[in-house]
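Structural overview
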Amino acid sequence: MSEFEELESRVRVLEKHNRSLRWTVMLTLVLSLLGLMWGRVWPSNGIVEARGFVVTDDAGTPRGSFAYDASGVGLNLQDARGRWRAGLLVDPTGRPAMFLFDTVAQPVVSLTLQRSGAPALRMRTPDDATTLQVRLGSGAPRGVFVESAGDTVALGLK
């Protein structure tokens, strides 16, 4: 075997090792990246933490959210135009509230807790012409109150 043939044989062996080394390095990088992503997507403690989650429809329009901000933690559901339709909120003091919204995203039904912890229910027509309120507990006047066109009918509780 001549010196040239021997050199050519050694180069072939080196090229073969180089190709296998290249595949080994690429496979190691891919597996490392997958391992890092696995730890981020599926945490070992089973808890995913975030300040908020947004649910979108097929067009990418937000249709709901579960988030925390300065007004508390809330779950909001929206229509196809992005207007609020229903919501649950727990304010920073720990008081829960539930809201149902009209077609222009104004609350027409609200169920809240007063500072005393007693429930309060408020319903109104979309044009704000008639309002019904039910308040229990201490603090504000207790009873059922209906207001329409400036007139108020009250059924007070002692």
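Numbering of residues starts from 1 in every chain and runs along the sequence as written. Where local features are concerned, this predicted model is filtered to residues with pLDDT of at least 70; where side-chain atom pairs are given and counted, the filter is 80 or more; whole-chain, interface and lining totals use all residues. Derived side-chain values reflect all non-hydrogen atoms in the structure, with water molecules and hydrogen atoms excluded from consideration.

**Comments concerning the overall build of the protein**
Across its full length, the protein holds one helix and ten strands. In this description a helix means any DSSP run of H or I spanning at least four residues, a strand means any run of E spanning at least two, and both kinds are numbered starting from the N terminus. Ordered by position in the sequence, the α and β elements of the protein form the string α-β-β-β-β-β-β-β-β-β-β. In this description the radius of gyration comes from C-alpha coordinates, and the expected globular size is given by 2.2 Å times residues to the power 0.38. In terms of C-alpha radius of gyration, the protein reaches 32 Å, well past the compact-globule figure of 15 Å for 158 residues. For the protein, the C-alpha atoms occupy an extent of roughly 115 × 30 × 20 Å along the three principal directions.

**Some points on the sheet that holds strand S3 (residues 72–78)**
Here, strands pair whenever DSSP counts at least two bridges between them. Taken in spatial order, the ten strands line up as S1-S2-S3-S4-S5-S6-S7-S8-S9-S10 in an open sheet, and their pairing is antiparallel. Only two strands of the sheet have a single neighbouring strand rather than two, namely strand S1 (52–56) and strand S10 (151–156). Going across the sheet, the axis of each strand differs from the next one's by a mean of 10°, ignoring polarity. Of the strand pairs in this sheet, strand S8 (residues 130–135) and strand S9 (residues 143–148) are connected by six bridges, and their pairing is antiparallel. If you follow threonine 131 over to S9, its bridge partner there is glutamate 147. A fitted line through C-alpha atoms represents every axis, and for helices the fit uses only the stretch in contact; the resulting angles, taken between N-to-C directions, go from 0 to 180 degrees.

**Considerations on the confidence of the model for the protein**
On a range of 0 to 100, pLDDT expresses the predictor's confidence in each residue. The share of residues in the protein with pLDDT of 70 or more is 92%, and the mean pLDDT across the chain is 85. Summarising per-element confidence for the protein, the mean pLDDT is lowest in helix H1 (residues 3–41) (80) and highest in strand S5 (residues 96–101) (94).

**Some details on the layout of surface pockets**
To find leftover empty space, one rolls a probe the size of a water molecule over the atoms. The rule is simple: put a 1 Å grid over the protein atoms alone, call a set of points where a 1.4 Å probe fits but cannot get out a cavity, call an open set with protein on both sides within 12 Å along at least five of seven lines a pocket, and count a residue as lining if it has an atom within 4 Å of a point. Grid points are joined across faces, edges and corners, and a volume is the space filled by probe spheres set on the points. Taken as a whole, the largest pocket spans an internal volume of roughly 200 Å³. What lines the largest pocket is a set of 13 residues, and nearest its centre among them are Ser71, Gly74, Asn76, Trp84 and Leu89. Across the lining of the largest pocket, the residue classes break down as seven nonpolar, five polar and one charged. Three classes are used: nonpolar for Ala, Val, Leu, Ile, Met, Phe, Trp, Tyr, Cys and Pro, charged for Asp, Glu, Lys and Arg, and polar for all others, with Gly counted as polar.

**What to know about the packing of aromatic side chains**
Centre distance within 6.5 Å is the pairing criterion for rings of Phe, Tyr and Trp, where only the six-membered ring of Trp is used; planes under 30 degrees apart are then read as stacked, over 60 as edge-to-face, and the remainder as tilted. Counted according to the given criterion, the structure contains two aromatic pairs. Between tryptophan 84 and phenylalanine 101, the ring centres sit 5.7 Å apart and the planes meet at 75°, which makes this aromatic pair edge-to-face. With a gap of 17 residues between them, tryptophan 84 in strand S4 (residues 84–90) and phenylalanine 101 in strand S5 connect regions that are remote in the sequence. When the centroid spacing of 6.3 Å and the interplanar angle of 35° are considered together, the rings of phenylalanine 99 and phenylalanine 101 count as tilted. Think of it in three bands: with a 1.4 Å probe and only protein chains considered, a residue is buried below 20% of the maximum accessible area for its type, exposed above 50%, and partly exposed in between. On the accessibility criterion, phenylalanine 99 (21% relative accessible area) is partly exposed.

**Section: a nonpolar patch on the surface**
A contiguous nonpolar patch, built from Val48, Phe53, Phe66, Tyr68, Val73, Leu75, Leu77, Leu88, Val90, Met98, Leu100 and Leu111 and spanning about 1000 Å² of accessible area, is present on the exposed surface. Of all the elements in the fold, those that place two or more residues in the nonpolar patch are strand S2 (62–69), S3, S4 and S5. With three residues, S3 is the largest single contributor of residues to the nonpolar patch. Each patch is built from residues lacking any salt bridge and having more than 30% relative accessible area; the joining distance is 9 Å for like charges and 5 Å for nonpolar side chains (Val, Leu, Ile, Met, Phe, Trp, Tyr). Computed with the Shrake-Rupley method and a 1.4 Å probe, the accessible areas treat only the protein chains shown as cover for residues. Here, a salt bridge means any Lys or Arg side-chain nitrogen found within 4 Å of an Asp or Glu carboxyl oxygen.

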